[in-house]
Amino acid sequence: MNGFASDLTHATYESPDIVALYARPDGLQKPEETLLSWLRPSLGSMDMLDIGVGGGRTTRHFAPLVRSYLGVDYSSAMIARCHEEFPAFRFAVADARRLEPVLDESCDLVLFSYNGIDHLDVHERGMALGEMRRVLRPGGLMVYSSHNANYLPAIIERFRFRIHSNLRETLRSLKWSSVFWAKNGLLQYRMPLAAGRVHDGTHSFRSSALYYIRPDLGVAELRRLGMVDISCAGNESRDFVPGDDPGLAHDPNPWIYYVSRKPERT
Ligand SMILES: C[S@@+](CC[C@H](N)C(=O)[O-])C[C@H]1O[C@@H](n2cnc3c(N)ncnc32)[C@H](O)[C@@H]1O
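Here the structure is a predicted model, which means the values were calculated and not measured. (Residues numbered from 1 in each chain as written. Predicted model: local features only at pLDDT ≥ 70, side-chain atom pairs only at ≥ 80, totals over all residues. Heavy atoms only, no water.)

So, on to the site of the ligand. Among the 18 residues in the neighbourhood of the ligand, the closest are listed as Gly52, Arg57, Asp73, Ala96 and Ser113. Within the contact set of the ligand, an oxygen atom lies 2.9 Å away from a side-chain nitrogen or oxygen of Arg57. Between Asp95 and the ligand, the recorded distance is 3.1 Å, taken from a side-chain N or O atom to a nitrogen atom. In isolation the ligand offers 590 Å² of accessible surface; the protein chains occlude 98% of this area. Looking at the shell around the ligand, its residues break down into nine nonpolar, five polar and four charged. (Near = heavy atom within 4 Å. Polar contact = N/O pair within 3.5 Å; in protein donor to acceptor, adjacent residues only side chain to side chain. Areas by Shrake-Rupley, 256 points an atom, 1.4 Å probe, with all protein chains shown as cover. Nonpolar A, V, L, I, M, F, W, Y, C, P; charged D, E, K, R; others polar.)

In structure tokens form, the structure reads like this:
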């Protein structure tokens, strides 16, 4: 227990089945591939913090290339698995909301991949973003992905009750549709939702609600934090667009990668 609201999610990330799921040697997501190819020439002089590292999916690709690497996760089981799998690299148990072990302005690249930040409520999200900014050197890069509120109609459709020719499938649909609507009772009246928390079925509902935000509002959140050079890519895209691209407000991708820079000292 860490005293924060998301303890159901924390317990889920400590469980062996979920650790095994994230320890599979999966590749990079498309925007991460773009990022890696952009940064490859300079990674050798960068200190990287990989938050919510899970089973080390991103470790495999980034850690051998950077000057120094630290992977952190609030799940001690995930970190134990990373120590086993990648003994050459540094890992520590730490919470994104309080990155005490990491010194101010000590990192050039901070990554919180695969929507890990969305487990936090809006206040905690602000804490995590503030911590990410704190540990970055001026000019350093903040990278994370976050669920896209424009994708919520597709989530609602996924949980619509359907009658199938097969009774078992019909009962299955009834079960998950009931769970979805029991947990998201007023969601249909909140649509279109620009930003908010939704139980989207992740880990078969063994997590607390996840934060969804429309990409243009995600960009505004980064601007309020004082970040510059913001660009975004949908998870299915290799191409980033500038944060002021008008198409972002309507981007339909399930989740969005946000890359931004902490301003240089003037
Ligand atoms: C969806 S998994 C992604 C794991 C890994 N980054 C990947 O891409 O496979 C999210 C990870 O974030 C971690 N996490 C969630 N909230 C966190 C927090 N507040 N502080 C640190 N880690 C957190 C979870 O324990 C989990 O390992």
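Next comes the rest of the account.
To continue, consider the UniProt feature "domain: Methyltransferase" (unreviewed entry) in the protein. Under the UniProt annotation, the feature "domain: Methyltransferase" (unreviewed entry) is placed at residues 49-140. In this annotation, residues 49-140 is assigned 30% helix and 26% strand; the end-to-end C-alpha distance for the span is 11 Å. (UniProt positions renumbered as here; feature names shortened; annotations may be inferred. Helix = DSSP H or I, 4+ residues; strand = E, 2+ residues; numbered from the N terminus.)

Looking now at the domain arrangement of the protein. Interface size is often expressed as the accessible area that is lost when the parts come together. Domain boundaries in the protein define domain 1 (7-147 + 214-261) and domain 2 (151-205). Buried surface at the junction of domain 1 and domain 2, both sides included, amounts to about 750 Å², of which 59% is carbon and sulfur. Connecting domain 1 to domain 2 are zero salt bridges. At the boundary of domain 1 and domain 2, one finds three residue pairs in polar contact (both at pLDDT 80 or more). At the level of elements, α1 (7-14) and α2 (16-22) are the ones that each hand at least two residues to the side of domain 1 that touches domain 2. Split by residue class, the side of domain 1 that touches domain 2 holds eight nonpolar, four polar and two charged. (Domains from an automatic or database assignment. Buried area = accessible area lost by both parts, 1.4 Å probe. Salt bridge = Lys/Arg side-chain N within 4 Å of Asp/Glu carboxyl O.)

So, about the packing of aromatic side chains. Per the counting criterion, the structure on display carries 12 aromatic pairs. With centroids separated by 6.1 Å and ring planes inclined at 70 degrees, the aromatic side chains of Tyr69 and Phe89 adopt a geometry described as edge-to-face. Residue Tyr69 is found in strand β2 (residues 68-73), and its partner Phe89 is found in the loop between α5 (76-85) and β3 (90-93); the two are separated by 20 residues along the sequence. Counting every residue linked through ring pairs, the aromatic cluster contains Phe159, Trp176, Phe180, Trp181 and Phe205. (Phe/Tyr/Trp six-rings, centres within 6.5 Å; stacked < 30°, edge-to-face > 60°.)

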